[in-house]
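Results of the structural survey
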Amino acid sequence: MREPPPAGRPDAEAGARLWRGSLAQRLRLVSGLVLFAFAATHFANHALGLVGLDTMMDVARWRTAVTRSIPGSLVLGLALLAHVAFSLVWLAERRTLRMPPWEAAQTLLGFAIPFLLVPHILGTRITSLVDGTRTNYAYVIVRIWPDGMGFQTALLLVVWLHGCLGLHAWLRLSPLYRRIAPLLAVPAFGLPAAAIAGIVTQGRLMERDLVLARRFDAPDLGARWQVPPLDSAVAAWGDTVTGAIYAAVALAFGLVLIRAAATLRARRFGVTYVGGPTVRSQEGPTLLEISRANRVPHVSVCGGRGRCSTCRVLVVSGEESLSVPDAQEAAALRAIGAPANVRLACQAKPSGDVAVIRILDPRRSESADKHLANTDVAGIEREVAILFIDIRGFTPLSERKLPFDVVFILNRFFEAAGREIEAAGGWIGGYAGDGLLALFTHPDGIGPACRASFAAAGRVDAAGGELNRQLAAELPAALRMAMGLHAGPLVLGRLGYGASRGMSVIGPAVNLASRLESLAKAADVQLVASEEAALRAGIAVDGLQEIPGLRIETVAVRGVAAALPVIYAPRAGDLAGRLHRPASA
C-alpha cells in the first residue's frame, strides 16, 4: 500500500522553534546544555556512594578520563566561560530588571553559582593540575565532611535548580516534553537527593573508619582518608578569582543602573495597549521590556527569547516607529504565518508613538505552561482531523415546517451526531445552519485522531439511520447527510468576544474539509475523505476501488493549488469498517 505522509509536523516545528534565537542566545543555550550534562553525570556519580566508595571511584575514573582530558577540559572550560559571559552580557543589555518570577529565580541562582563553585574547582581540578594530587572521592569527602557539607549541598542544589529551571523554560515549547514532564519529575527530584545521600553515606563511613583506626591502632584503615593540605598559592587564587567575579557582576548591574538613569532625561513617547493602559517610554527597550517596566501584563512563555511567539502583538498604529524585524523575528513570524502588522513584542523596539493589541489574553491567571497547553487561553498549532457534516435538502423541508418543528428536528440531529462524535473522542467546533464541524486530536498524534474521525463518521451514519426511524412520522423524507473529512495543521483557540468566545479553528485544512463536503453533495454520496486522512488512519487504500461504490479520484479542489486524491464513499460506514483491518491488508 502507499505510505502515509509524515505525521510529525507539529513536533518537528516545535523542535525547530526550540533552536530559534540569535547566535549569542544559541551559544548560551548550548553551553548551558554542556554544563548541565556534566552536572547530571557528576551527581549520578555521587549517588553511587549508596553502593560503595570503590564503585564511586571506579566510575569516576571513567568519567574524568573524558572530562579531564585535553578536549574535555577545553569543552567544559569554554562552556563555563561562555555561559557566564553571555549571561553577564544579557544582564548588561537589559533595560529593566522586572521579569517573571521563574526568570528572576533562575537568574539569581545562576549568579550565585560562580561564588559557590570557585572554591570547589580550586580544591579539585586546579589542585590536581598544580601539584598532581589525586583529587578523588576520598580526597573530596575528607575535605568537606562534615563542616563543608552545607556549602557543598548548597552548590549542588543551586546548580541543579538553575539547570532544571532553564531546561523547563526551554523545553516547554515542545509538545513532547509537555506530555512526558510528569515522568521527568522523578529524576529531577530523585537525582540530587540520591547524590547528597551518597556523599553523606560515605562521609559517615569515613568517620567510622577513622574512629576504628584510632581505637585499634590500624593505620592502614585510615590511610585511604589521608589528604595533603591545600597549596597556599591555590588558596590565594580563590580570592583573586572571586574578586574578578564580583567586579564583573557589579559592572553588569552598573550598566543597567546607568541606562536606567539615562532614561530619566531621554525623549519619551506613548505606547498604547488597546484594551489597556497608555504608558510613556523612551527609545531603546523592546515592547515586552516596556510592558514589564510599567507592570502591564504581557504573556511571554520563553522569557523574551524570540522562540515561542506568545508575546506577539497586532500593531494598530505607529508601525513605522518600530524597528525593522531582524532575521530571528522574521523566522518566528514566518513560522506562524503572521501578517505584516504582527510583531514579536520581545524583539520590536519602538522609537515613537505606537498602539498595539496583545494577541494572547494577558488577563487570565494561568501560568505560562497553561498558556501553551490550554487552547482556552492562547491559540496553539496542532494537526487536527476535521469532519464536516451537513443535512442535505433541509432547506425545502424546513419551509414546510413550523419554526418549532425545525428547531426540534435540528436539535435531535445535533444531539444524535454530537453524542457519537464525543463518544469517538471528538468535540463540536461549531454549527452553521443545518451543519456542524467536528474536530479530533489525540495525544499520540494525528494518526489516532484520523482513526477517531472515521469511526465517528461511521457512528453518525448509524445514528442518522436510527433518527430517521424515530422521526419517520415527522419527516416527509428521510434525513440525508453529506460529510467531508480531512486532516492538517490548524490553529486552535477560543475566538470571539466575552461570553460568546467559543473554541474554533483557523487554517486551510478547515476550508478543504468544507470543500470535500460540497463534493459529497455534488456526487450524491455520504462521505468524501482525503486520501491523506485515510492513510494516516491506517486504512488500506489500495484495493478500495474493488469494493462496490467506493472509488478514488484525483480532483481539483477550489482554493488548493495541487490536485487532491479523494475517496468517495456512498456510506461513511463503508470506510469506518476498514479501520479494523490491518494497514497492510
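Before going further, it helps to spend a moment on the side chain of Arg536. If you trace the backbone, Arg536 turns up in helix α18 (residues 531-536). For Arg536, a relative accessible area of 8% translates into the label buried. Reaching out from Arg536, the side chain makes a polar contact with the side chain of Glu383 at a distance of 3.3 Å.

Attention shifts here to helix α8 (residues 175-215). When the terminal C-alpha atoms of α8 are compared, their 61 Å separation across 41 residues agrees well with the 60 Å that a helix rising 1.5 Å per residue should span. Of all the bends found along α8, the most pronounced is centred on Ala181 and spans about 60 degrees, while Pro182, a proline, follows it within four residues. Every buried residue belonging to α8 is among Tyr177, Leu191, Pro192, Ala195, Gly198, Ile199, Gln202, Gly203, Met206, Asp209 and Ala213, and all of these are buried. Positive phi shows up at Asp217, right after α8, with a value of about 50 degrees.

With that out of the way, let us pick up the confidence of the model for the chain. Across the chain, the average pLDDT comes to 81, with 82% of residues at or above 70. Across residues 1-10, confidence stays below pLDDT 50; counting only partners more than four residues off in sequence or on other chains, it has 26 contacts. Confidence over residues 581-585 falls short of pLDDT 50; this stretch has six contacts with residues more than four positions distant or in other chains.

This next bit is on the packing of helix α6 (residues 137-144) against α8. Here α6 crosses α8 at 80 degrees, and the two axes come no closer than 10 Å. When the axes of α6 and α8 are compared, the pair comes out roughly perpendicular. Along its contact with α6, which presents Tyr137, Ile141, Val142 and Ile144, the element α8 presents Ile199, Gln202, Gly203 and Met206.

Attention now goes to the environment of Thr242. Examined against the element boundaries, Thr242 turns out to sit in helix α10 (residues 232-262). In this structure, the C-alpha to C-alpha distance between Thr242 and Pro119, residues 123 residues apart in sequence, is 8.9 Å.

Turning our attention to the nonpolar core. With 47 residues, the main nonpolar core has Ile389, Phe440, Phe454, Met483, Leu527 and Leu575 as its most contacted residues. No other element matches helix α16 (residues 446-470), which puts nine residues into this core. The next biggest cluster of nonpolar side chains, apart from the first, holds 21 residues, and it includes Tyr273, Ile290, Cys311 and Val356.

About the thresholds
- Residues numbered from 1 in each chain as written.
- Predicted model: local features only at pLDDT ≥ 70, side-chain atom pairs only at ≥ 80, totals over all residues.
- Heavy atoms only, no water.
- Helix = DSSP H or I, 4+ residues; strand = E, 2+ residues; numbered from the N terminus.
- Buried < 20%, exposed > 50% of the residue type's maximum accessible area, 1.4 Å probe, protein only.
- Polar contact = N/O pair within 3.5 Å; in protein donor to acceptor, adjacent residues only side chain to side chain.
- Expected span 1.5 Å × (residues − 1).
- Bend = angle between axes of the 7 residues up to and from the residue.
- pLDDT = per-residue confidence, 0-100.
- Contact = heavy atoms within 4.5 Å.
- Axes fitted to C-alpha atoms, helices over the stretch in contact; angles between N-to-C directions.
- Parallel < 35°, antiparallel > 145°, perpendicular 65-115°, else oblique.
- Core = buried A, V, L, I, M, F, W, Y, C linked by side-chain atoms within 4.5 Å.

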